[in-house]
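Results of the structural survey
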Amino acid sequence: AQKVTQAQTEISVVEKEDVTLDCVYETRDTTYYLFWYKQPPSGELVFLIRRNSFDEQNEISGRYSWNFQKSTSSFNFTITASQVVDSAVYFCALSGTSGSARQLTFGSGTQLTVLP
Amino acid sequence: GAGVSQSPSNKVTEKGKDVELRCDPISGHTALYWYRQSLGQGLEFLIYFQGNSAPDKSGLPSDRFSAERTGGSVSTLTIQRTQQEDSAVYLCASRGGARTEAFFGQGTRLTVV
């Protein structure tokens, strides 16, 4: 069975601080996909990024960056110079490519609060 | 619209009644997922449809819950004899393939009184 662990339940930072959200995963598939979603207070789930298991290149998009390390089964998300609008619950997710592993498995989420 | 559509957006029902929640996925998406999110909690997987394959029902919490997907498109999640613990937001997502991301609907907020 596949599993996603987000050990940080809640994080609180002051605006302009950098913050990293941790995600550790388990899967038996050799090909799999990792995702991050944002759920602001309004409730809708917003897709942020997809990463393939065979591409360990880190990615940067504006203030967001993602560090994928297969050796430690981690896919961490960093927000640089955080803003109040970044306050949300962030979910990491995993999907394999074979059988039941194609199910999209989510971590329990990290509540990020950015204080002004 | 082009996104995942769920209806109703809100549903209040009396304990013991049956309810049906509807999901219209993005056209052409072969995969469809149902999740449940209780207040302040994460996403609890319920059921997954992939094309014409038998659905993965491993997340359904009891036999009061069932779902179907007609014609590979619209899906209905049915909860029979609702209980107060069924109160939650029910989220539907669709996906174009194993290599792509899932897109979520706005959810149905179910309140059992």
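To be clear, the structure that these remarks concern was listed above.
The structure contained in this document is the topic of the report that follows. Throughout this document, residue positions are counted from 1 along each chain, in the order its sequence is written. To read the labels, note that chains go from A and ligands from 1, taken in the order they are written. Local features in this predicted model are restricted to residues of pLDDT 70 or higher, and side-chain atom pairs are both shown and tallied only at a pLDDT of 80 or more, whereas totals for entire chains, interfaces and linings draw on every residue. Excluded from the side-chain calculation are hydrogens and water; included are all heavy atoms of the structure.

Brief notes about the overall build of chain A
Convention followed: Numbered from the N terminus, helices here are DSSP runs of H or I no shorter than four residues, and strands are runs of E no shorter than two. Throughout, exposure labels follow a simple rule: accessible area from a 1.4 Å probe, protein chains only, divided by the maximum for the residue type, with under 20% read as buried, over 50% as exposed, and the rest as partly exposed. Two residues qualify as a contact provided that any one of their heavy atoms is within 4.5 Å of a heavy atom in the partner residue. Only four residue types enter the charge count: Lys and Arg as positive, Asp and Glu as negative, with His and the chain ends excluded. Where a charge sits is defined by one atom per residue type, namely NZ (Lys), CZ (Arg), CG (Asp) or CD (Glu).
Counting its secondary structure elements, chain A contains zero helices and 12 strands. In terms of principal-axis extent, the alpha carbons of chain A reach across some 45 × 30 × 20 Å. Burial status across chain A gives 48% buried among its 116 residues. Long-range pairs, those at least 24 residues apart, make up 56% of the contacts in chain A between residues at least 6 apart in sequence. Here chain A carries 9 positive and 12 negative side-chain charges, and the mean point of each set is 7 Å from the other.

A look at the interface of chain A and chain B
Note the cut-off: By definition here, a salt bridge exists when the distance from a side-chain nitrogen of Lys or Arg to a carboxyl oxygen of Asp or Glu is within 4 Å. In the analysis that follows, any N or O atom pair within 3.5 Å is treated as a polar contact, provided that within protein one partner can donate a hydrogen and the other can accept it, and provided that, for residues neighboring in sequence, both atoms belong to side chains.
Between chain A and chain B, the residue contacts involve 17 residues of the former and 20 residues of the latter. Across the pair A:R50 and B:E101 runs a salt bridge whose closest N-O atoms are separated by 2.4 Å. Counting across the chain A and chain B interface gives seven residue pairs in polar contact (both at pLDDT 80 or more). Looking at the side of chain A that touches chain B, the elements that each hand over two or more residues are strand 5 (32-39), strand 6 (46-52), strand 10 (88-96) and strand 11 (104-106) of chain A. It is strand 5 of chain A that provides the largest number of residues to the side of chain A that touches chain B, a total of four residues.

What about the sheet that holds strand 6 (residues 65-69) of chain B?
All names here are of chain B. We apply this condition: Between any two strands, pairing holds if DSSP finds at least two bridges. To get an axis, fit a line to the C-alpha atoms, keeping to the stretch in contact for a helix; angles then go from 0 to 180 degrees between the N-to-C directions.
Strand order in the open sheet formed by four strands is 1-3-7-6, with antiparallel pairing between adjacent strands. The open sheet is flanked by strand 1 (5-7) and strand 6, the only strands paired with a single partner. Taking the axes of each pair of neighbouring strands and ignoring which way they run, one obtains an average angle of 15° across the sheet. Here strand 3 (residues 19-24) runs beside strand 7 (residues 75-79); their pairing, made up of five bridges, is antiparallel.

Details of the pairing of strand 10 of chain A
Residue and element names in this part refer to chain A. Counting buried residues in strand 10 gives nine out of nine residues, a clear majority hidden from the surface. Burial along strand 10 is two-sided: A88, Y90, C92, L94 and G96 facing one way and V89, F91, A93 and S95 facing the other are all buried. Here eight bridges tie strand 5 to strand 10, and the two strands are oriented antiparallel to one another. Across the sheet, the residue bridging to Y33 is S95, located in strand 10. Looking at chain direction, strand 10 and strand 11 are connected through three bridges and run antiparallel. Across the sheet, A93 pairs through a bridge with F106, a residue of strand 11.

Focus: unusual backbone geometry
Geometrically, the link from B:S7 to B:P8 is a cis peptide bond, its omega value of -10° lying close to zero. Considering the arrangement of structural elements, one finds B:P8 in the loop between strand 1 and strand 2 (10-13). Its identity as a non-glycine residue notwithstanding, A:K16 has a phi of 85°, on the positive side. For A:K16, the location among the structural elements is in the loop between strand 2 (10-14) and strand 3 (19-21).

Details of the environment of B:G28
As for its position among the elements, B:G28 is in the loop between strand 3 and strand 4 (31-37). Given the relative accessible area of 65%, B:G28 is considered exposed.

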